[in-house]
Amino acid sequence: MKMDLAIEVENLVKIYGKGGSGIKALDGISMKIPKASTYGLFGPNGSGKTTLISILVGLILPTSGNAKVLGFDVVKESVEIRRRVGLLPEGFGFYDHMTALENLVFLATLDKIPSDQRKKRALETLEMVGLKDRANDKVSTFSRGMRQRLGIAQALLKDPELLIFDEPTVGIDPEGAAEFRNLVKSMNKEGKTILMSTHLLYEVGMVCTHAAVIRGGKLLVQGSVEELYQSVREAKGYRYELRVKSGIDMLLQEIRSISDVIEIKQNENHVTVLSRREIWGELLPLVSKPQFKDAVESLKPIEPSWDEIYRFYQEGG
Amino acid sequence: MISDALSIARKEFTDTITSKRLWLIVGVLLLFSVASTYSTIFRVITAFQQAGRPVASVFSAIATTMAYMAPLLGIALAFDAISGERERGTLRILLSRPIYREDVINGKIISALAVISLAVTLSSFAAVSISILLHNIAVTMDDIARVCLFIVFSIVFSFAYYAFSLFISTLSSKSSHSLIISIGIWIFFAFILSAISSLIATAVLGPPPVRSFQAFNMSQRQFRNFTSPSIFPQEYLDYMRREAEISSMIQAFSINYHYTQITSLLFGYATRPIEFSRRTLTSIPTVISTRLIDIVVLIVFPIVFLFASYMIFTRRQEK
Ligand SMILES: Nc1ncnc2c1ncn2[C@@H]1O[C@H](COP(=O)(O)OP(=O)(O)OP(=O)(O)O)[C@@H](O)[C@H]1O
Ligand SMILES: [Mg+2]
C-alpha cells in the first residue's frame, strides 16, 4: 500500500516564531494522499493550507513530525522533491520586465530542462493555459488572471508527476476556471497526482477524487469523495429527487410507508425524499410499477453539496 | 550547485546592465569626476607642477568623486536584491525549483561582483582618459599602475557597501526599508562621522589655542595659504595633531575612512585642511605597506557582511 502513496504526512506540527513561541499553524496533521488522485485541500483562512504545502516542498521546515513526498523526506531531500513536483505557490510573482516566454525559459533552466527544449516546453505550457498569443508580451502588461494562468504554466514546465496548487483559480474568470478543471482532469487521466487547496467548495466536487478538510491546523476529515459523501449521508440522511407529473398521491403514500423515510417535500412537480438509510433499492421498483410509471419522469439520488460536507465537518462531524 | 548559481547570475547580470539605475550612477560618476578635475586642477596644480606630476591632481579629483559614488553603486545593486524578490513573490517561484537557497544568493553575488568590476573599471578609465585629454597632461607607466590599483581598491570598496546593503536586504521584507537603512549608513559614514569625530575630539581636548582663531575664520582657500608652520605656533600644531589622532581613531569605524586613507596616499592628496598636499608621490610598494591595515579592513569588511547575509538567507524559511 505504501508504494501507492504520493504524499504521506505523519503528525506534522508547525509552530511559527522562535522557540515555538508563536502561532501553531499545524497541530499534528496526518494525511495519506494516494498516487493518481486529485486531492482537494480545504479550510478557512488561516487554517494551515499554505503552511502544509510549503512544508511539503521544503520551503519551510516542520517543527516536528514527518512527511514524505514521492518517497523523499521533506527535510533531508527537498531538492529531490522539487525536481519532481510542480508548485504553484501562494502570493507568487514574475519578473515584470521580462516577457512571459522569457520568464518561463529562465525558470525552465533552473528546472534542468535541456536547453534545446526549454522554449518549446515553455510555449506548450503557455498554450495549455491559454496564453500562447501573449507569449512575447511583458508580464507587466498582464492582468491578474493572466498572471495566475502564467503561474499555472510555470508549475507545468517540468511535466511533473505531482502537482501542488495553492488556490489555483484565484482571480481567474469562470471560463478560465473551467479550462483549468479540464486541464486537471486530463492530467489526472495521465496518471499524475494533483494536490490543490481551494476556497471554492464546488470546485472540489467537480474535479477531486479525494479531499481533506482542515481547520485550525487540525485535520477534520480526509478520504475519497465517495467516502465523504457517505458519512454526511449517514449523519444527515439520504436524499432523492423525483420529477413527477400528476396524480401521485398514491405513490407518495407508498413512499411514506417505507421504513426510515423521514420527510417528503413536494414543490409542484418536484419531490424530495429524505430517509435515514439508503432506500434506492426500494424506491426504484416502486416507481417502476405500472400504475406509477407514467406519472414519474425521473428519479435520482442527491449527493450532499460541498457546502454541506464542509459545514458538517466544521461543526465537528 | 554552481550551474544554478551561474544561471541566476547570468539573468541578474543582464537585468542590471540593462537597468537605468546602473547607468545613471555611472553617468553621474563620470560627469562629477571630469567636472571636479576643473575645480581642483588649478588649485593643486602648482604644487604638483613643481614635482612634475600634474596628473596626480586629476586622479585625486576622480578619487574624491569615487569615494562618494562607489558606495551608491554597491547599494543600488544590493538594496532590493533579496527583499525585492521577496516583495514581488519571485523568490517563491525561484525557491520552488530544484535548487538550493545558496544558489540564489551566490548568483546575486557573482553578478554584482561582475557588474561592480565592470562599472568601476569602465568609469575610472573613461574619467581618467577624458580628463587627461581635456587638460592635455602626460601620463607615465607609474600613473597607469596607480590607476589600476585605484580601480581594484574602488571595486573592493563598492563591494563592501554591496555586502552591507545585501545583508540589510536579506533581513528585510521591504526594499524601501532596506534602501533607507543603507543610504542612512552611507550618509553617516560619508558625512556625519567625520563631523562627529572632530566634535568629539574638541570635546576631549577642549577649545583650540586662541591665537589660531583668525586663521580658522578664513575661507578654505586662504586658510591653506596660511598652513605654514612658521605662521602657527608649536602649541597649535600639537593641538591639531592630537585632534587628528582622536578623530581618526573614531573614523576608523568607517569603511570610507580606510578607503580614503589608501587612495589619498596613492594619489598624494590631502584629506584634511591642516595636512600638506604632498609634493612627491609615495611609491606604490610604500603605499601598500603603509596602508596595509586599511587594505585589510577594506577586504575583511565585505567578507564579514557577505558571510552574515549568507548565513541568514540560507537559514531563513520562506513560505
Ligand atoms: N510567517 C508566519 N509567521 C507567523 N505566523 C504565520 C506565518 N504564516 C502563517 N502564519 C499563521 O499560521 C496560520 C496558518 O496560515 P496559512 O497561511 O498556512 O493558512 P492558509 O490556510 O493558507 O490560509 P489562507 O486561506 O488565508 O491562504 C495562520 O494562523 C497564520 O496567521
Ligand atoms: Mg494560504
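All figures in this text were calculated on a predicted structure; none of them were measured in a lab. (Residues numbered from 1 in each chain as written. Chains lettered and ligands numbered in written order. Predicted model: local features only at pLDDT ≥ 70, side-chain atom pairs only at ≥ 80, totals over all residues. Heavy atoms only, no water.)

When the terminal C-alpha atoms of helix α8 (residues 225–236) of chain A are compared, their 16 Å separation across 12 residues agrees well with the 16 Å that a helix rising 1.5 Å per residue should span. Buried residues along α8(A) sit against β9 (210–215), β10 (218–224), β11 (238–244) and α12 (306–314) of chain A. (Helix = DSSP H or I, 4+ residues; strand = E, 2+ residues; numbered from the N terminus. Expected span 1.5 Å × (residues − 1). Contact = heavy atoms within 4.5 Å.)

Residues and elements named next belong to chain A. Domain annotation for chain A reports domain 1 (5–229) and domain 2 (237–314). Inter-centroid distance (C-alpha atoms) of domain 1 to domain 2 is 40 Å. Contacts between domain 1 and domain 2 engage 15 residues on the former and eight residues on the latter. For the pair domain 1 and domain 2, the summed buried surface comes to about 1100 Å²; carbon and sulfur atoms form 73% of the total. Taken as a group, L201, L228 and Y229 account for 48% of the area that domain 1 buries against domain 2, more than any other trio of residues on that side. Along the contact surface separating domain 1 from domain 2 lie zero salt bridges. The interface formed by domain 1 and domain 2 holds zero residue pairs in polar contact (both at pLDDT 80 or more) in total. Looking at the side of domain 1 that touches domain 2, the elements with two or more residues in it are α7 (201–207), β9, β10 and α8. The dominant element in the side of domain 1 that touches domain 2, judged by the number of residues it contributes, is α7, at four residues. (Domains from an automatic or database assignment. Buried area = accessible area lost by both parts, 1.4 Å probe. Salt bridge = Lys/Arg side-chain N within 4 Å of Asp/Glu carboxyl O. Polar contact = N/O pair within 3.5 Å; in protein donor to acceptor, adjacent residues only side chain to side chain.)

On to the pairing of strand β8 (residues 193–197) of chain A, then. Residues and elements named next belong to chain A. Taking burial as the measure, the five residues of β8 include five buried ones, the bulk of the element. Burial along β8 is two-sided: T193, L195 and S197 facing one way and I194 and M196 facing the other are all buried. Pairing of strand β3 (residues 38–42) with β8, which is carried by four bridges, proceeds in the parallel orientation. The residue of β8 that forms the bridge with Y39 is L195. When strand β7 (residues 162–166) meets β8, the two strands line up parallel, connected through five bridges. When the sheet's bridge partners are listed, I164 is paired in β8 with L195. (Buried < 20%, exposed > 50% of the residue type's maximum accessible area, 1.4 Å probe, protein only. Pairing = 2+ DSSP bridges.)

Residues and elements named next belong to chain A. What the six strands build is an open sheet, ordered β6-β7-β8-β3-β9-β10; its pairing is mixed. Only two strands of the sheet have a single neighbouring strand rather than two, namely β6 (85–88) and β10. Taken pair by pair, the neighbouring strands of this sheet meet at an average axis angle of 10°, ignoring direction. Of the pairings in the sheet, the one linking β3 to β9 comprises four bridges and is parallel in character. Within the sheet, the bridge partner assigned to L41 lies in β9 and is A212. Against the sheet, helix α1 (residues 49–56) contacts β3, β6, β7, β8 and β9, and its axis sits at roughly 150° relative to β7. Strands β6 and β7 of the sheet are contacted by helix α5 (residues 144–156), whose axis makes an angle of about 165° with β6. (Axes fitted to C-alpha atoms, helices over the stretch in contact; angles between N-to-C directions.)

Looking now at the interface of chain B and chain A. When the parts come together, some accessible area is lost, and that loss is often what is quoted as the size of the interface. Contact residues are listed per partner, giving 22 residues for chain B and 30 residues for chain A. Roughly 2500 Å² is buried in total at the junction of chain B and chain A, and carbon and sulfur atoms are behind 61% of that figure. Contact with chain A buries surface across chain B, with R97(B), P98(B) and K319(B) losing the most and accounting together for 29% of the total. There are two salt bridges connecting chain B and chain A. The salt bridge involving D111(A) is made with R97(B); its shortest N-O contact spans 2.7 Å. If you look at where chain B meets chain A, you find 15 residue pairs in polar contact (both at pLDDT 80 or more). Classifying every residue of the side of chain B that touches chain A gives eight nonpolar, five polar and nine charged. (Nonpolar A, V, L, I, M, F, W, Y, C, P; charged D, E, K, R; others polar.)

All names here are of chain A. For the structure on display, the rule yields 33 salt bridges over all chains. With a shortest N-O distance of 2.8 Å, E80 and R84 are connected by a salt bridge. Taken together, the residues span about one helical turn, with E80 and R84 both in helix α2 (residues 78–84) at a distance of four residues. Taking the relative accessible area as the measure of exposure, R84 reaches 26% and is therefore partly exposed. D173 serves as the salt-bridge partner of R149, at 3.5 Å between the closest nitrogen and oxygen.

Counting 159 residues, the largest nonpolar core has F165(A) and W306(A) as the members making the most contacts within it. Per-element accounting of this core gives the leading share, 16 residues, to helix α7 (residues 141–171) of chain B. Both domain 1 (5–229) and domain 2 (237–314) of chain A contribute no fewer than three residues apiece to this core. Every residue in contact with F165(A), bar those within four places of it in the chain, is listed here: I53(A), L88(A), I152(A), A155(A), F180(A), V184(A), M187(A), I194(A), L195(A), M196(A) and S197(A). (Core = buried A, V, L, I, M, F, W, Y, C linked by side-chain atoms within 4.5 Å.)

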